[in-house]
Amino acid sequence: MDSSRSQSFGQTEINWDKLDKTKFYVVGAGLFTGVTVALYPVSVVKTRLQVATKDSVEKNAFSVIRGLLRTEGVPGLYRGFGTVITGAIPARVIFMTSLETTKVAAFKMIEPFNFSEPTQAAIANGIAGMTSSLFSQAVFVPIDVVSQKLMVQGYSGHAKYSGGLDVARKLLKSDGIRGLYRGFGLSVMTYSPSSAVWWASYGSSQRFIWRFLGYGTEHKESAPDPWTVVLVQATGGIVAGSVASCITTPLDTIKTRLQVMGHEKRETARQVVKKLIVEDGWKGFYRGLGPRFVSMSAWGTSMILAYEYLKRLCAKDDV
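The shown structure was predicted, so the numbers you read here are calculated from the model rather than taken from an experiment. (Residues numbered from 1 in each chain as written. Predicted model: local features only at pLDDT ≥ 70, side-chain atom pairs only at ≥ 80, totals over all residues. Heavy atoms only, no water.)

**Regarding the UniProt feature "transmembrane region" (unreviewed entry) in the protein**
The positions UniProt marks with the feature "transmembrane region" (unreviewed entry) are residues 24-45. Segment residues 24-45 splits into 100% helix and 0% strand. End C-alpha atoms: 31 Å apart. (UniProt positions renumbered as here; feature names shortened; annotations may be inferred. Helix = DSSP H or I, 4+ residues; strand = E, 2+ residues; numbered from the N terminus.)

Below is the structure:
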């Protein structure tokens, strides 16, 4: 099976070498910043639910939102936003570059095996998603640690800070550089498989949907209209978010708890696991599953639509 066809099946997916890279990075920074502004509150709610104790008053997403709006207003839903947006730009540059270059290499690598098109897309996208996540974690984890401490400050006994720099300064003072990388191993174990599952699910589900609609066969070789392309991409994003959130939420819950705990009550991953089981049983590992499902589906769908639009927007004239 021709690899170029595999990367452009049923829709106008544009190869990395056909993009105006400068425009891609500049426009992409603005585009993804806008999406982050719109969806950031979901991350705040999800994080608070994951670190809540069994005695917490706020037991669900709606009570967390009500509590934040009552005490802090809308700014409460954007705790740690400045830190995230500062680190998100370099992290996304690393992620997008490694994603596209690895995807091209992966398609070429598996081409001789003659897998079916959905399988080929799942493997290539999964490899690319995992690799790009591994590269971006070096930048993302310190941002994640700082922003999550800001998200939960003053909540369920967590310390208060004057801003992201205050968090970083106190972490460096108490734990050194390791403090900024607390939970790094679990972050890699959470986000890399999550990214792999997300991109694999997205790539393969699109191929199934296009085949279901009849594109790519002798019966329907014409190009789909733009709205059909957007609908298929959005559906693929929802499917990918559903699969990834169900598989990776337990690790994400453990990772979040490790990252936000104070220096004086530091616990190991094993202790966190035992505490979750004692408090809530095995369902404790799925704390915040609802917001995480919404977060991954909404983030994933919004990001992939923005990403695919960005690639079309930045395609060179000779594509």
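From this point, things continue past the structure.
**Remarks on the nonpolar core**
In terms of nonpolar packing, the biggest core is built from 25 residues, with Phe24, Phe32, Trp198, Trp199 and Tyr307 touching the most fellow members. Within the residue set of this core, elements represented by two or more residues are helix 2 (21-51), helix 4 (81-110), helix 8 (184-212), helix 9 (226-260) and helix 11 (289-313). Residues within four places of Tyr307 in sequence aside, it is in contact with Phe24, Phe32, Met96, Leu99, Glu100 and Trp199. By size, the runner-up hydrophobic cluster in this structure holds 15 residues, among which are Tyr40, Val45, Leu49 and Leu68. (Core = buried A, V, L, I, M, F, W, Y, C linked by side-chain atoms within 4.5 Å. Buried < 20%, exposed > 50% of the residue type's maximum accessible area, 1.4 Å probe, protein only. Contact = heavy atoms within 4.5 Å.)

**Examining the packing of helix 8 against helix 11**
Closest axis-to-axis distance for the helix 8/helix 11 pair is 12 Å, and the angle between their directions is 60 degrees. Between helix 8 and helix 11, the angle falls in the class oblique. For the crossing formed where helix 8 meets helix 11, the hand is right-handed. Note on element contacts: helix 11 touches helix 8 through Arg292, Met296, Gly300, Thr301, Ile304, Tyr307 and Glu308, opposite Thr190, Ser194, Trp198, Trp199, Tyr202 and Gln206. Split by residue class, the contact of helix 8 with helix 11 holds six nonpolar, five polar and two charged. (Axes fitted to C-alpha atoms, helices over the stretch in contact; angles between N-to-C directions. Parallel < 35°, antiparallel > 145°, perpendicular 65-115°, else oblique. Left-handed = near helix turned anticlockwise from the far one by under 90°. Nonpolar A, V, L, I, M, F, W, Y, C, P; charged D, E, K, R; others polar.)

**Looking at the side chain of Arg257**
As for its position among the elements, Arg257 is in helix 9. In this structure Arg257 touches Gln50, Val51, Ala52, Val272, Lys275, Leu276, Glu279 and Arg287, once residues within four positions along its chain are discounted.

**Focus on the packing of aromatic side chains**
For the coordinates displayed, the defined rule picks out 12 aromatic pairs. Ring centres 5.6 Å apart and planes at 65 degrees place the aromatic pair Phe24 and Tyr25 in the edge-to-face group. Judged by its relative accessible area of 0%, Phe24 falls in the buried class. Taking the relative accessible area as the measure of exposure, Tyr25 reaches 24% and is therefore partly exposed. (Phe/Tyr/Trp six-rings, centres within 6.5 Å; stacked < 30°, edge-to-face > 60°.)

**Focus: the pattern of salt bridges**
According to the stated counting rule, one finds eight salt bridges in the structure shown. Its salt-bridge partner being Lys46, residue Asp252 comes within 3.2 Å of it at the nearest N-O pair. With a gap of 206 residues between them, Asp252 in helix 9 and Lys46 in helix 2 connect regions that are remote in the sequence. For the residue pair Asp252 and Lys46, the accessibility class agrees, reading buried in each case. We note a salt bridge from Arg211 to Glu117, for which the minimum N-O separation is 3.5 Å. Within this pair, whereas Arg211 is found in helix 8, its partner Glu117 is found in helix 5 (residues 117-152), the two being separated by 94 residues in sequence. (Salt bridge = Lys/Arg side-chain N within 4 Å of Asp/Glu carboxyl O.)

**Section: the environment of Leu77**
Relative to the helices and strands, Leu77 is located in the loop between helix 3 (61-72) and helix 4. Put simply, Leu77 and Ile65 are 12 residues apart on the chain and 7.6 Å apart in space, counted from C-alpha to C-alpha. Sequence-distant contacts of Leu77, that is, excluding residues within four places in its chain, are made with Tyr40, Pro41, Val44, Leu68 and Leu69.

**Digging into the packing of helix 5 against helix 8**
Interhelical geometry of helix 5 versus helix 8 gives an angle of 150 degrees and a closest axis separation of 6 Å. Considering the angle they form, helix 5 stands roughly antiparallel to helix 8. The handedness of the crossing between helix 5 and helix 8 is right-handed. For the contact of helix 5 with helix 8, the class distribution of residues is 16 nonpolar, 11 polar and four charged.

**Side note on empty space enclosed by the protein**
Under the counting rule described, the total for this entry stands at four cavities of 30 Å³ or more. Reported here for the largest cavity is a volume of approximately 1100 Å³. Along the wall of the largest cavity there are 35 residues; nearest its centre are Arg92, Phe140, Tyr191, Trp299 and Met303. Those elements giving two or more residues to the lining of the largest cavity turn out to be helix 2, helix 4, helix 5, helix 8 and helix 11. The leading source of residues in the lining of the largest cavity is helix 5, at nine residues. Along the walls of the second largest cavity sit Tyr25, Gly28, Ala29, Phe32, Thr33, Thr36, Ile85, Ala88, Ile89, Arg92, Val93 and Met96, which together make up its complete lining. Contributing elements (two or more residues each) for the lining of the second largest cavity: helix 2 and helix 4. When grouped by side-chain class, the residues that make up the lining of the second largest cavity number eight nonpolar, three polar and one charged. (1 Å grid on protein atoms, 1.4 Å probe; cavity = no way out; pocket = protein on both sides within 12 Å on 5 of 7 lines; lining within 4 Å. Points joined across faces, edges and corners; volume = space filled by probe spheres on them.)

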